[in-house]
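A structural walkthrough
Next come the chains, spelled out residue by residue.
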Amino acid sequence: MKTFSYILIFMLSLLSFPDSMAQAYTDLYELKGYSIKAYYSPGNEERAKVIVGRCENAIRYVSGLIGFTPKVSLFILNPEHWPKHATFPVYGMPHYPDSERLVIASEDNDFWKSFIPPLDQLPGELASKIRKAYTTSDGTLSMMAFFDLLALHELGHGFHEQGGLTMQRLWMQELFCNIMLHTYIAEKEPGNLPALEVFPEMVVAGGTTGYEFTSLADFEKRYDQMDPKNYGWYQCRLHVAGKIIYNAGGPRTLIKLWNGLKENKEQMTDEQFASFLNKKISREVANVQTDW
Ligand SMILES: [Zn+2]
């Protein structure tokens with residue numbers, strides 16, 4: 001009788017704990033067949049496959065350039081599961097709750113839709129660019145395509161944090177991710193360049209009125225304390241810079257930047273950093289600091 005109980009307990013333990021990680025996310029399904037660990041809310045398998053497949057492609061491409069692969073687990077969540085696993089309160093903002101877990105929204109949402117300006121108040125050419133880049137499969141307008149690409153920006157943080165790079169400045173940390181994102185899209189998914197470029201260009205073309213902070217020095221000082229709209233403006237500037245940098249130097253600039261920030265661990269002054277970027281990386285990267 002006793003032996004039977006032991007066997008039963010042993011067999012139950014095999015059934016209940018096939019994978020220790022899966023135990024932590026009992027409300028989610030695990031996506032199989034990919035090199036990245038991924039979990040998704042029920043009903044989102046197809047969307048999870050698209051997102052995880054793209055992240056896998058981006059990681060493979062960037063790893064091939066720089067020779068480093070970060071560890072990452074993806075969470076593709078519906079609005080119900082978001083509060084349970086995410087740390088950023090607004091549904092739709094891709095982010096890392098810790099250095100390895102990346103949270104992404106599975107569904108279109110009000111946050112993404114809120115970035116579409118009233119098109120009837122814009123010049124006709126810009127309105128049609130926006131319509132072309134951001135019309136979703138159900139025919140509505142949303143910044144979904146842009147935010148899906150932002151998930152790849154977040155992957156960039158996984159690369160530099162786990163790769164042990166010294167980023168010198170917070171703006172460089174963000175610029176690095178945008179150069180990586182732009183390089184991958186331009187090289188591997190050029191059809192998605194409009195989704196990546198139109199929104200930031202529109203925001204930058206709108207000027208600086210209404211933003212409390214606009215200098216790089218303020219970005220360093222106020223990184224955690226500015227309103228999201230102001231932070232978004234800086235990101236848009238850094239997206240546009242990422243495009244200029246890629247267009248001038250191609251994927252080589254990303255490789256040089258990775259190696260340069262990996263090899264140089266001493267903190268640099270503004271003058272030293274500008275000179276390092278100009279001499280070792282590229283004039284266009286240095287210009288972000290000197291011609292901001
Ligand atoms: Zn970032």
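Each remark here, short or long, concerns the structure printed above.
Quick look at the structure, then. Counting restarts for each chain, with residues numbered from 1 along the sequence as it is written. The model is predicted, so local features are restricted to residues of pLDDT at least 70 and side-chain atom pairs to those at 80 or more, both for listing and for counting; the totals for chains, interfaces and linings are taken over all residues. Side-chain descriptors were evaluated using all non-hydrogen atoms of the structure, hydrogens and water having been removed beforehand.

1. Quick word on the side chain of histidine 157
Mapping histidine 157 onto the fold places it in helix α7 (residues 144-162). The buried label applies to any residue whose accessible area, calculated with a 1.4 Å probe on protein chains only, is under 20% of its type's maximum; exposed applies above 50%, and partly exposed to all values in between. Under the relative-accessibility criterion, histidine 157 is labelled buried at 6%. Note on definitions: a residue-residue contact is assigned when non-hydrogen atoms from the two residues lie within 4.5 Å. Discounting residues that sit within four places of it in the chain, histidine 157 has contacts with Tyr96, Gln162, Gln173, Glu174 and Cys177. Where helices and strands are cited, they refer to DSSP runs of H or I of at least four residues and of E of at least two residues respectively, numbered from the N terminus.

2. Regarding the pattern of salt bridges
When a carboxyl oxygen of Asp or Glu is within 4 Å of a side-chain nitrogen of Lys or Arg, the pair counts as a salt bridge. Across all of its chains, the model carries 15 salt bridges by this definition. Residues glutamate 30 and lysine 37 are paired through a salt bridge, measuring 3.0 Å at the closest nitrogen-oxygen approach. Among the ionic pairs, aspartate 218 bridges to lysine 221, the shortest N-O distance being 3.9 Å. One end of the pair, aspartate 218, and the other, lysine 221, are both in helix α10 (residues 216-222), three residues apart, so they sit about a helical turn from each other. Residues joined by salt bridges that share partners form a network here, namely Glu30, Lys32 and Lys37.

3. Digging into the layout of surface pockets
The definitions used throughout rest on a 1 Å grid laid over the protein atoms alone, on which a cavity is an enclosed set of points accommodating a 1.4 Å probe that cannot get out and a pocket is an open set flanked by protein within 12 Å on both sides along at least five of seven lines; lining residues are those having an atom within 4 Å of a point. Grid points are joined across faces, edges and corners, and a volume is the space filled by probe spheres set on the points. Its boundaries defined by the atoms lining it, the largest pocket holds a volume of some 1,100 Å³. If you go around the largest pocket, you meet 37 residues; those closest to its centre are Met93, Phe115, Pro228, Tyr231 and Gly232. Elements with a contribution of two residues or more to the lining of the largest pocket: α7, α8 (170-188), α9 (193-205) and α11 (228-249). In terms of residue count, the dominant contributor to the lining of the largest pocket is α11 (eight residues).

4. Let's talk about the coordination of the zinc ion
Because no water is among the atoms considered, metal sites can look incomplete, with donors defined as N, O and S atoms within 2.8 Å of the metal, or 3.2 Å for Na, K and Ca. Coordination sphere of the zinc ion, protein contribution only: His153 (NE2), His157 (NE2) and Glu174 (OE), at 2.0 to 2.1 Å. Mapped onto the sequence, the donors of the zinc ion take the spacing H-x3-H-x16-E. With a gap of 17 residues between them, histidine 157 in helix α7 and glutamate 174 in helix α8 connect regions that are remote in the sequence. Exposure class is identical for histidine 157 and glutamate 174. Each is buried.

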